[in-house]
Amino acid sequence: MKTEENIVAFINNLEAENQDIECKQCKRILPKDLWSTYSAFANTHGGKIILGITEIKNIEKNKFEITGVENPTKVCDDFWTCISNTNKVNYNLLSNNDVQIKKIEDKSIIIINVPEATHQQKPIY
């Protein structure tokens, strides 16, 4: 997901989260279920977590809305602090290139690319 247009098109066409992508509402603080998603992606074949996207459930079709992260730098700092804490996550698979702040429709989102852990690194918890 490189350009703003690609991200907006992707979100507008997204009907449901799946084994490759998880969207999470995140205004000011990291969602509590972020770490279980990180572990699930790391222990399977990887995936993307997008913070600042809210799922609007509908009987006919779910919709995703860009609601944004209010202070993305602080949220990223909190993320790196937590993922480096072995009491929170047993193994950090990520580098700086795996976490990106993007500006979409004047709102900030955070895209976290979680790679699959190697056999030696698993299980991630």
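Everything below is about the structure shown above.
Let me begin by describing the structure that accompanies this report. (Residues numbered from 1 in each chain as written. Predicted model: local features only at pLDDT ≥ 70, side-chain atom pairs only at ≥ 80, totals over all residues. Heavy atoms only, no water.)

## Quick word on helix H2 (residues 34–43)
Moving on, step 1. Counted residue by residue, H2 has seven buried out of 10 residues, so it is predominantly covered.
Moving on, step 2. Listing the buried residues of H2 in full gives Leu34, Trp35, Thr37, Tyr38, Ser39, Phe41 and Ala42.
Moving on, step 3. Structurally, H2 contributes buried residues whose contacts are with strand E1 (21–24), strand E2 (47–51), helix H3 (72–83) and strand E6 (107–114). (Buried < 20%, exposed > 50% of the residue type's maximum accessible area, 1.4 Å probe, protein only. Helix = DSSP H or I, 4+ residues; strand = E, 2+ residues; numbered from the N terminus. Contact = heavy atoms within 4.5 Å.)

## Structural notes on the packing of H2 against H3
The description of two packed helices rests on the angle between their axes and on the distance between the axes.
Moving on, step 1. Running from amino to carboxyl end, H2 crosses H3 at an angle of 60°, the nearest separation of the two axes being 12 Å. In this view, H2 runs oblique relative to H3, as classed from their interaxial angle. Classified by chirality, the crossing of H3 by H2 is right-handed. Contacts between H2 and H3 involve Leu34, Trp35 and Tyr38 from the first element and Phe79, Cys82 and Ile83 from the second.
Moving on, step 2. Of the residues assigned to the contact of H2 with H3, the class counts are six nonpolar, no polar and no charged. (Axes fitted to C-alpha atoms, helices over the stretch in contact; angles between N-to-C directions. Parallel < 35°, antiparallel > 145°, perpendicular 65-115°, else oblique. Left-handed = near helix turned anticlockwise from the far one by under 90°. Nonpolar A, V, L, I, M, F, W, Y, C, P; charged D, E, K, R; others polar.)

## Brief notes about the environment of Gln19
Moving on, step 1. Along the chain, Gln19 falls in the loop between helix H1 (4–13) and E1.
Moving on, step 2. Linking Gln19 and Lys48, residues 29 residues apart in sequence, is a C-alpha distance of 9.2 Å.
Moving on, step 3. Leave out the neighbours within four places in its chain, and Gln19 touches Phe41, His45 and Gly46.

## Re the sheet that holds E2
Moving on, step 1. Strands sit in the order E1-E2-E6-E5 across an open sheet of four strands; the sheet is mixed. What marks the edges here is a single partner per strand, and that holds for E1 and strand E5 (99–104). Taken pair by pair, the neighbouring strands of this sheet meet at an average axis angle of 20°, ignoring direction.
Moving on, step 2. Note: E5 against E6, six bridges, orientation antiparallel. Across the sheet, the residue bridging to Gln100 is Ile111, located in E6.
Moving on, step 3. Of the strands in this sheet, E1, E2 and E6 are in contact with H2, which crosses E2 at around 160°.
Moving on, step 4. Contacting E2, E5 and E6, H3 runs over the sheet at an angle of about 160° to E5. (Pairing = 2+ DSSP bridges.)

## Quick notes on H3
Moving on, step 1. A rise of 1.5 Å per residue sets the reference length of H3, with its 12 residues, at 16 Å; its end C-alpha atoms lie 16 Å apart and thus fit the reference within 8%.
Moving on, step 2. For H3, the set of buried residues is Pro72, Val75, Cys76, Phe79 and Ile83. The buried side chains of H3 occupy one side of the element, clustering within an arc of 100° when seen end-on.
Moving on, step 3. Elements that come into contact with the buried residues of H3 comprise H2, E2, E5 and E6. (Expected span 1.5 Å × (residues − 1). Arc of directions from axis to C-beta.)

## What about the pattern of salt bridges?
Moving on, step 1. Summed over the entire model, instances satisfying the criterion amount to five salt bridges.
Moving on, step 2. Across the pair Glu22 and Lys24 runs a salt bridge, and its minimum N-O distance is 3.5 Å. Like Lys24, Glu22 is buried.
Moving on, step 3. Across the pair Glu116 and Lys122 runs a salt bridge whose closest N-O atoms are separated by 2.9 Å.
Moving on, step 4. Looking at Glu116, the relative accessible area reads 43%, which means it is partly exposed. (Salt bridge = Lys/Arg side-chain N within 4 Å of Asp/Glu carboxyl O.)

Scope: geometric values only; no functional claims are made or implied.
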